[in-house]
Amino acid sequence: MVLKFLLNKKNKINFCGIKLTISNPIPKKIIRKCLYKYIWRKSENYSDIYVLLTTSGEIYLLSLFLRQIKNSQNIFFVTTRKYHIEILKMILGDVNYLYLPEAFELYFEDTYKTNYKGKIYNKYLTKSFISILYDNWFDQKDKHYISLIKRYIDFKDGFSKEKPELCFSQDVEISLKNKINEIGLNVNKFVYFIPEAKTCKPIDIQFWKDLYEKFSELGYDVYVNSVGQNKEFSFGKYANLSITEANLLARTSKGVVALRSGMCEPFTLTDVPMTVLYTDVVIDNNIKIDASTIFQTYTLKKYPYIIKNNLFEYNINLYSKKELIKHIIINITST
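Here is a short report on the structure shown in this document.

1. Topic: the pattern of salt bridges
Step number 1: Here the structure, examined in full by the defined rule, presents nine salt bridges.
Step number 2: In this structure, Arg 32 and Glu 105 form a salt bridge, with 2.8 Å as the shortest nitrogen-oxygen distance. Here Arg 32 is found in helix 1 (residues 28-42), whereas its partner Glu 105 is found in the loop between strand 5 (96-99) and strand 6 (113-116), with 73 residues between them in sequence.
Step number 3: Residue classification places Arg 32 among the buried residues on the basis of a relative accessible area of 18%.
Step number 4: Within the structure, one salt-bridge network assembled from shared partners comprises Lys 28, Arg 32 and Glu 105.

Structure representation (structure tokens):
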């Protein structure tokens, strides 16, 4: 922890040469100044710094954008969640990074870029800029999220025509094999469920149970990617997998069925049939966005490297549960 040890009994800070006596709690301005100086020291000779403040879907997109930059190895990343590191390494290979959860404080700053002692800090994404994106959403001709992100980071180049080869270390492969052996998953014939997402309205548990039973009748095993091994989803197989392990496992499945979430983006490179379900979403301040708008803005069909014949997307408000299950079974068993 970077800031935990800063205060002694007299509330004195000595952080990277900054000596201050302050009140408790520590003022935000002081915390941010300390963070910038700490990152400045840790980033050595790198002048371009990305402070990652967002979730898996946006990190996946940023990785694809930065893959186009010839000198991407000269970028220094400050990660605030451990899965940031996994996604970066999976797409970009070896990267230069610092894991610093405390840097999430920079999420609350107004500016996207900050120049501190000759180094550019790209804060991706700050709360104020996310608000601007949402406020201007319906004024844009192209409302898709990729276009909004490209404008945000001022990325003018297109994606490479060459599909990225994901990087999976031998340690990841061994770890996954051990975990899957423990749960007895039939790796030769299984379907991968992702039934949860933080902001999406959940689909009732009976839908997933019925879908599970239909696949079971057809001889499929089912792996369920649930948060913290949610007991509601105990009908399927589960292991505590990292994002990298989850992606590697999904590549060997017969298909993926997912509630639309940030996990879907990295899974678009798995090359297996993928059914994505869109529901209403509730964001900050209890603002509700209907599923049709979410579908229009986040459809994966506009993402790079998609095999469109392998992608099936549904606004669940337009279908009965019985119709959805029928479509999903056909999508996976006939592809």
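2. Observations regarding the nonpolar core
Step number 1: Counting residues in each nonpolar core, the largest one holds 88 residues, and the members touching the most others are Tyr 124, Tyr 192, Trp 208, Leu 211, Phe 215 and Leu 277.
Step number 2: The element that contributes the greatest number of residues to this core is helix 2 (residues 56-66), accounting for seven residues.
Step number 3: With residues up to four places along the chain from it excluded, the contact list for Phe 215 reads Val 191, Phe 193, Tyr 220, Val 222, Ile 328, Ile 329 and Ile 332.
Step number 4: Membership of the second largest hydrophobic core comes to 21 residues, among which are Ile 26, Tyr 36, Leu 53 and Tyr 121.

3. Thoughts on the sheet that holds strand 6
Within a sheet, neighbouring strands are paired by backbone hydrogen bonds and run either parallel or antiparallel to one another.
Step number 1: What the five strands build is an open sheet, ordered 5-4-3-7-6; its pairing is mixed. The outermost strands of the open sheet, each flanked by one partner alone, are strand 5 and strand 6. Direction aside, neighbouring strands of the sheet carry axes that sit 25° apart on average.
Step number 2: Two elements, strand 3 (residues 48-52) and strand 7 (residues 119-124), share five bridges in a ladder whose sense is parallel. Opposite Asp 48, over in strand 7, you have Ile 120 as the bridge partner.
Step number 3: Running at roughly 115° to strand 7, helix 1 makes contact with strand 3, strand 4 (75-79), strand 5, strand 6 and strand 7 of the sheet.
Step number 4: Contacts between helix 3 (residues 82-92) and the sheet are confined to strand 3, strand 4 and strand 5, with strand 4 contributing the most and set at about 150° to the helix.

4. Topic: helix 10 (residues 291-298)
Step number 1: Within the sequence span of helix 10, burial applies to Ala 291, Thr 293, Ile 294, Thr 297 and Tyr 298. Taken down its axis, helix 10 places every buried residue within 160° of arc, on the same side.

5. Here we look at the packing of helix 2 against helix 3
Step number 1: Orientation of helix 2 relative to helix 3, taken along the N-to-C sense of each, is 30°, at an axis distance of 9 Å. Both helix 2 and helix 3 take part in a crossing whose hand is right-handed. On helix 3, the residues touching Ser 56, Ile 59, Tyr 60, Ser 63, Leu 64 and Leu 66 of helix 2 are Tyr 83, His 84, Ile 87, Leu 88, Ile 91 and Leu 92.
Step number 2: Of the residues that constitute the contact of helix 2 with helix 3, the class distribution is nine nonpolar, three polar and no charged.

6. Focus on a positive patch on the surface
Step number 1: On the surface, Lys 29, Lys 33, Arg 41 and Lys 117 cluster together to form a positively charged patch.
Step number 2: Structurally, Arg 41 is set in helix 1.
Step number 3: The exposure class of Arg 41 is partly exposed, given its relative accessible area of 45%.

7. Some remarks on the packing of helix 2 against helix 5 (residues 145-153)
Step number 1: Here helix 2 crosses helix 5 at 60°, and the two axes come no closer than 11 Å. One element, helix 2, and the other, helix 5, form an angle in the oblique class. Two packed elements cross with a definite hand, and for helix 2 against helix 5 that hand is right-handed. Residues Glu 58, Leu 61, Leu 62 and Phe 65 of helix 2 form the contact with helix 5, whose own contacting residues are Tyr 145, Ile 146, Ile 149, Lys 150 and Ile 153.
Step number 2: In the contact of helix 2 with helix 5, the residues fall into seven nonpolar, no polar and two charged.

Quick notes on the rules
- Residue numbers here run from 1 along each chain, matching the order of that chain's written sequence.
- Given that this is a predicted model, residues contribute local features only at a pLDDT of at least 70 and side-chain atom pairs are listed and counted only at 80 or more, while totals for whole chains, interfaces and linings are drawn from all residues.
- Calculated side-chain values reflect all of the structure's heavy atoms, with hydrogen atoms and water omitted.
- One speaks of a salt bridge when a side-chain nitrogen belonging to Lys or Arg is within 4 Å of a carboxyl oxygen belonging to Asp or Glu.
- The secondary structure listing takes helices from DSSP runs of H or I that are at least 4 residues long and strands from runs of E that are at least 2 residues long, numbered from the N terminus.
- Type-normalised accessible area, obtained with a 1.4 Å probe on protein chains alone, sets the label of each residue: buried when under 20%, exposed when over 50%, and partly exposed for intermediate values.
- Definition used in this section: a nonpolar core is a set of buried Ala, Val, Leu, Ile, Met, Phe, Trp, Tyr and Cys residues joined via side-chain atoms within 4.5 Å.
- Note on definitions: a residue-residue contact is assigned when non-hydrogen atoms from the two residues lie within 4.5 Å.
- Only strands that DSSP links by at least two bridges are regarded as paired with each other.
- Axis definition: a line fitted to C-alpha atoms, limited for helices to the stretch in contact. Angles are taken between N-to-C directions and run from 0 to 180 degrees.
- Read the arc as the range of directions from the helix axis to the C-beta atoms.
- Here is the rule for handedness: rotate from the far helix to the near one, and if that takes an anticlockwise turn smaller than a right angle the crossing is left-handed, while a clockwise turn gives right-handed.
- Gly falls in the polar group here, along with every residue not listed as nonpolar (Ala, Val, Leu, Ile, Met, Phe, Trp, Tyr, Cys, Pro) or charged (Asp, Glu, Lys, Arg).
- Think of a patch as exposed residues, more than 30% relative accessible area, with no salt bridge, where like charges cluster within 9 Å and nonpolar side chains (Val, Leu, Ile, Met, Phe, Trp, Tyr) cluster within 5 Å.
- In this description, accessible areas are obtained by the Shrake-Rupley approach with a 1.4 Å probe, and a residue is regarded as covered only by the protein chains that are shown.
- Residues scored as positive are Lys and Arg, those scored as negative are Asp and Glu, and His as well as the terminal groups of each chain are ignored.
- Charged side chains are reduced to one point each, which is NZ for Lys, CZ for Arg, CG for Asp and CD for Glu.
- The labels follow the angle: roughly parallel below 35 degrees, roughly antiparallel above 145, roughly perpendicular from 65 to 115, and oblique for the rest.

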